[in-house]
Amino acid sequence: MFEFANALLAALFLAAVFDMIAALKRAPGRGLARAQNALSGLWREEHFLFGSWGAAWRQRVGEWLFAVGLAAYEVSVCFCNSMARENWAWVQGTLAPILDWTAFLCFGVKILLGTRYTWRSLGVAGCLYFIARWVYFNCHNIWWIGLVVAVLAAKGVALKKPLRAYLIAGTVAVGLVVALHYAGIVAPDLVSERVGEYRGTFGYGHPNTFGGLVFGLTLAYAMLRARKLRWLDVAVVGALGVFLWVGPASRSAALSTFLLTVLLAGYKVFPRLFAGRHRAKVAAALVPLVAAVSYLLPLPLVKIGPWNSDFGPAWLAKIDGLLTNRLSLSWIAYQVYEVKIAGQVLLDWPPLDNSFVFSLYQFGPVMAAILAVLFAVALWGLARTRRIPELLCLAVMLVYAFMECQSFHLTTNPTALLFCGAVFALPPSRWPGLENAPAEQA
């Protein structure tokens, strides 16, 4: 995907040059005045890249391409990255590349030909993409570039159809792997991580991998039901939480799902609790609060023995144990890694199951700070526009991010699509939702 990342950046730059030439040709005036008129129009008026040809159908085709791209990416990860790859070489050797390129080409064509931009929004998103691409070239995290490109492609799309494609494709792919698992074909064994605790892999390499995929599908379902949330929907989310707790025993996914259940139920019973005038400020403040806890809580740990779990003081060691050594692993990372401005390839050990600490080292402090700002702005904007169920989904993802680094996987985190409005510096009223937003006015 390195070639794709470069090609997309070059194509966006070429589109800007094409835009400028076309705008100069039709702008009134001469000389500097003509250039100013051209720039003013490009800055304020939404338009397709590479000309306005086919405007009547490019938007619709772009929406379909985005839905197909999400479905292809979901199948690639949920099926091709399951343990089915150990049974059949063609799963990773043939099918996965086809699905990956299908997804990225759909996203790329949608970005270049199926989306309207102003130069203001394209400039902000283009700068962020340049930084994200630079980080990708340093960290080699394929999940990262997939997430970034999907967020860029989400502009101007009503999310109902793409989320439905995401949910259906993911459910079918995960269901197929689980069926093959219980048929004894794919990874029929169970994995035991702690004495007396058995955790089902369900056909995946680790219970938390499976837990993350189911959690992502749960979030997609909750987002789809956001406009007409029923008690049945709350019950479905709660039932999936119970399954995650009992089946794979994925505590991070299960606890996050339980929290989402409680919040959605609270919203159904006490909607006024989520309607206070300070809700936007409170929502945005959650990000620096969780970030501070993520970075600072491991600092008081003290190594008191030769084993990886030998840490004090006792009260903090108990919290570390509840979090399955996530704090001590972050403490070890502080000793092992250097902070590099644009990220790096991390070692296999220590594993970092905290998205804040993980992003600091894997993506670098600049990208980590940008992500925190985008997260806070997204929460603020959803609160401002009273999209409360989607706000609750994104807030729960913040909690999940404290316990896992899979928040950078699109298949675990469909709420990342809600970042699109912030990435393109759009007013909250025009952020992608379940319905089409009105076109930006000149």
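Scroll up for the structure.
Asks: How do you make sense of the overall build of the protein chain when you look at a structure like this?
Replies: When its secondary structure is counted, the protein chain shows 18 helices and six strands. Computed over the C-alpha atoms, the radius of gyration of the protein chain is 23 Å, within 12% of the 22 Å expected from 2.2 N^0.38 for a compact globule of 442 residues. Based on the C-alpha atoms only, the size of the protein chain along its principal axes is roughly 80 × 50 × 45 Å. When each of the 442 residues of the protein chain is scored for burial, the buried share is 54%. Contacts in the protein chain between residues far apart in sequence, at least 24 positions, make up 71% of those at least 6 positions apart. As presented, the protein chain carries roughly 19600 Å² of accessible surface, and 68% of it is formed by carbon and sulfur atoms.

Asks: Help me understand the state of the cysteines in this model?
Replies: Each disulfide is one covalent bond, formed between the sulfur atoms of two cysteines. Under the definition given, this model contains zero disulfides. Considering cysteine sulfurs only, cysteine 80 is the nearest to cysteine 78, which forms no disulfide, with 9.8 Å between them. Here cysteine 78 falls in the buried class, since its relative accessible area comes to 0%.

Asks: How should I be thinking about the pattern of salt bridges in this particular structure?
Replies: Opposite charge on two side chains makes pairing possible when the charged atoms of those side chains draw close. Following the criterion strictly, the structure yields seven salt bridges and no others. With a shortest N-O distance of 3.1 Å, arginine 225 and aspartate 233 are connected by a salt bridge. In this structure, glutamate 390 engages arginine 387 in a salt bridge whose closest nitrogen and oxygen atoms are separated by 3.1 Å. Note on accessibility: glutamate 390 and arginine 387 belong to one class, buried. Salt bridges sharing common partners tie together Glu46, Lys155 and Arg430.

Asks: What should I look at first to understand the nonpolar core in this one?
Replies: One recurring pattern in soluble globular proteins is that nonpolar side chains are buried together. In terms of nonpolar packing, the biggest core is built from 140 residues, with Phe66, Trp144, Leu260, Tyr361, Phe363, Leu417 and Val423 touching the most fellow members. Here this core takes 13 residues from helix α17 (residues 388-403), the largest share from any one element. Beyond its immediate stretch of four places on either side in the chain, phenylalanine 363 contacts Val135, Cys139, Asn141, Trp144, Ile341, Ala342, Gly343, Phe358, Leu371 and Phe408. Core analysis: the next-biggest nonpolar cluster, separate from the first, contains six residues, Ala23, Ala27, Ala38 and Trp119 among them.

Asks: Just checking my understanding: could you explain the packing of aromatic side chains for this structure?
Replies: Each aromatic ring pair is summarised here by two numbers: the centre-to-centre distance and the angle between the ring planes. Summed over the entire model, instances satisfying the criterion amount to 29 aromatic pairs. Relative to phenylalanine 243, the ring of phenylalanine 210 has its centre 5.9 Å away and its plane inclined at 80°; by these criteria the two rings are edge-to-face. Here phenylalanine 243 lies in helix α10 (residues 231-246) and phenylalanine 210 lies in helix α9 (residues 207-224), a separation of 33 residues in the sequence. On the basis of relative accessibility, which here comes to 32%, the residue phenylalanine 243 falls in the partly exposed class. Three or more aromatic residues joined by ring pairs form one cluster here, namely Tyr182, Phe202, Tyr204, Phe210 and Phe243. When the ring centre of tryptophan 53 is taken as reference, the NZ or CZ atom of arginine 58 above it lies at 4.2 Å. Taking the ring centre of phenylalanine 424 as reference, the NZ or CZ of lysine 155 above it sits at 6.0 Å.

Criteria and thresholds
- Residues numbered from 1 in each chain as written.
- Predicted model: local features only at pLDDT ≥ 70, side-chain atom pairs only at ≥ 80, totals over all residues.
- Heavy atoms only, no water.
- Helix = DSSP H or I, 4+ residues; strand = E, 2+ residues; numbered from the N terminus.
- Rg over C-alpha atoms; globule rule 2.2 N^0.38 Å.
- Buried < 20%, exposed > 50% of the residue type's maximum accessible area, 1.4 Å probe, protein only.
- Contact = heavy atoms within 4.5 Å.
- Areas by Shrake-Rupley, 256 points an atom, 1.4 Å probe, with all protein chains shown as cover.
- Disulfide = S-S within 2.5 Å.
- Salt bridge = Lys/Arg side-chain N within 4 Å of Asp/Glu carboxyl O.
- Core = buried A, V, L, I, M, F, W, Y, C linked by side-chain atoms within 4.5 Å.
- Phe/Tyr/Trp six-rings, centres within 6.5 Å; stacked < 30°, edge-to-face > 60°.
- Lys NZ or Arg CZ within 6 Å of the ring centre and 35° of its normal.

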